[in-house]
Amino acid sequence: MKKFIKNLFFFFLFTILIGELIIRFTHAVTDLPQRTIDEYGIQKYYPNQNGYWKGGGHKWVVNKLGWPGELPKSYTNLITILGDSYIENFMNPNECHQSFLLKERLKNYNFIEAGRSGVSFIEAMEISKQFDSLNPKTELIYVNNNDFYESISSISPAADITQLNVEKEKIVFGQMKSPGLKKILYSWKLLYYFYNRFPLNFSRENKKNKSIEKTKDIGSFNYKNEIISLLEYINKNYNIKNKIIVFHPKSELEIINLCKEAGFKFIVLNSDNDKSWSFEHDSHWTCYGHNQAAEQIANYLKENVPVD
């Protein structure tokens, strides 16, 4: 009996080892970078990481500042690019990032990205402070409707997202959810593979459905006063003169107008009658979508942000 149990144990150990090697070799799951929280309360990535996107078609890199993408060779005529997973952009190769595409079109400018999944509009404003020492000519902040709603704790409370308590006029920094568990999952590829394929209690599907319901509830723009309070707080506590808000296609006109009234410069991207901007089963932009966005933004910058 002992021999049987011993053999069974080694058989399972061998099976797990082979499975782990197969998952790693075939890149059946995405390599996800490890996060940390810096001294300013901002979630970013441990510097100098790299890994493969699911399927192994391309690699992502995290630079020495803890942000995805390559750093520019020079900070002269610098423009920063801030945003959430659309700017993080792990699902596309580096040549499909906004910094790369804008540099191709605007040779006399240099670009640096700071993107991370879950960044709200208010957190993007906080992140912008970290680039003050580099004296950027302007800062592009890419946003969609939910980036405003998720910035306000009374509208869309979330412990892992940096938000503003508008009543107390206080920033509440996001905390990482289950960092220990995530570290194990991301390191043990086979376990992460099965976690993605068979989530416990269907939590992933439930989370997705709740997210859809929340978006539908919020989309009717019932929070004008809260957004006005958010913009007033930003005006009082940040320099908005060198900020340009880049609104995703089909952003709510009411939010755009409130930002205009608050004194923000902005660009509204247009993807009318062009479904190729996004992946078939994902709202994130394809390489084509990023190219289209970069073309529209480059035209604006040529006219409005002169080089030194």
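Structure: above.
Residues numbered from 1 in each chain as written. Predicted model: local features only at pLDDT ≥ 70, side-chain atom pairs only at ≥ 80, totals over all residues. Heavy atoms only, no water.

Draft legend 1. Representation of the state of the cysteines within the structure. As enumerated under the stated definition, the model contains 1 disulfide in all. In this model, Cys96 is linked to Cys287 through a disulfide, with the two sulfur atoms separated by 1.9 Å. Disulfide Cys96-Cys287: the torsion about the S-S bond is 95°, which places it as right-handed. One end of the pair, Cys96, is in the loop between helix 2 (85-88) and helix 3 (98-105); the other, Cys287, is in helix 11 (residues 287-304), and 191 residues separate them in sequence. Overall, Cys96 belongs to the buried group, its relative accessible area being 6%. Cys287 gets classed as partly exposed once you look at its relative accessible area, which sits at 25%. (Disulfide = S-S within 2.5 Å. Helix = DSSP H or I, 4+ residues; strand = E, 2+ residues; numbered from the N terminus. Buried < 20%, exposed > 50% of the residue type's maximum accessible area, 1.4 Å probe, protein only.)

Draft legend 2. Quick peek at helix 10 (residues 253-261). Those residues of helix 10 not exposed but buried are Ile255, Ile256, Leu258 and Cys259. Down the axis of helix 10, the sector holding all buried residues measures 160°, keeping them to one side. Exposed side of helix 10, more than 90 degrees from the buried face: Leu253, Lys260 and Glu261 are the residues found there. In the segment just after helix 10, Gly263 is the residue with positive phi, at about 100°. (Arc of directions from axis to C-beta.)

Draft legend 3. A look at the packing of aromatic side chains. Overall, the coordinates contain 11 aromatic pairs when judged by the stated rule. Ring centres of Phe148 and Phe247 lie 6.1 Å apart, and the angle between their planes is 10°; this geometry places the pair in the stacked category. Of this pair, Phe148 sits in helix 5 (residues 145-149) while Phe247 sits in strand 10 (residues 243-247); the two residues are 99 residues apart in sequence, bridging distant segments of the chain. Residue classification places Phe148 among the buried residues on the basis of a relative accessible area of 0%. Put simply, the rings of Phe121, Phe148, Phe247, Phe264 and Phe266 pair up and form one aromatic cluster. (Phe/Tyr/Trp six-rings, centres within 6.5 Å; stacked < 30°, edge-to-face > 60°.)

Draft legend 4. How the structure looks around unusual backbone geometry. Phi is positive for Asn77, which is not a glycine, with a value near 50°. Mapping Asn77 onto the fold places it in the loop between strand 4 (59-62) and strand 5 (78-83). Phi is positive for Lys250, which is not a glycine, with a value near 65°. Counting through the fold element by element, Lys250 comes out in the loop between strand 10 and helix 10.

Draft legend 5. How the structure looks around helix 11. With 18 residues, helix 11 should cover 26 Å at 1.5 Å per step; its first-to-last C-alpha distance of 26 Å lies within 8% of that length. Among all positions of helix 11, only Gly289, His290, Ala293, Ala294, Ile297, Ala298, Tyr300 and Leu301 are buried. Looking down the long axis of helix 11, one finds its buried residues gathered within 165° of arc, a one-sided arrangement. Across from the buried face of helix 11, at angles greater than 90 degrees, the exposed residues are Lys302 and Glu303. (Expected span 1.5 Å × (residues − 1).)

Draft legend 6. View of the packing of helix 4 (residues 121-128) against helix 9 (residues 224-237). One can describe the packing of helix 4 onto helix 9 by two numbers: an axis separation of 11 Å at closest approach and a directional angle of 5°. In terms of orientation, helix 4 lies roughly parallel with respect to helix 9. Contact with helix 4, carried on its side by Phe121, Ile122 and Met125, involves Leu230, Leu231, Tyr233 and Ile234 of helix 9 and no other residues of that element. Within the contact of helix 4 with helix 9, the residues separate by chemical class into 7 nonpolar, no polar and no charged. (Axes fitted to C-alpha atoms, helices over the stretch in contact; angles between N-to-C directions. Parallel < 35°, antiparallel > 145°, perpendicular 65-115°, else oblique. Contact = heavy atoms within 4.5 Å. Nonpolar A, V, L, I, M, F, W, Y, C, P; charged D, E, K, R; others polar.)

Draft legend 7. Summary view of the sheet that holds strand 5. Spatial ordering of the open sheet is given by 6-5-7-10-11, a layout of 5 strands whose pairing is parallel. The open sheet has two free edges, formed respectively by strand 6 (110-115) and strand 11 (265-268), since each of these has just one partner strand. When strand polarity is set aside, the average angle formed by the axes of neighbouring strands in this sheet is 20°. Sheet topology note: the strand 5/strand 7 (residues 138-143) ladder contains 4 bridges and is parallel. Following the sheet pairing, Ile79 is matched in strand 7 by Thr138. Strand contacts of helix 3: strand 5, strand 6 and strand 7, with the helix running at about 165° to strand 6, the strand carrying the most contacts. (Pairing = 2+ DSSP bridges.)

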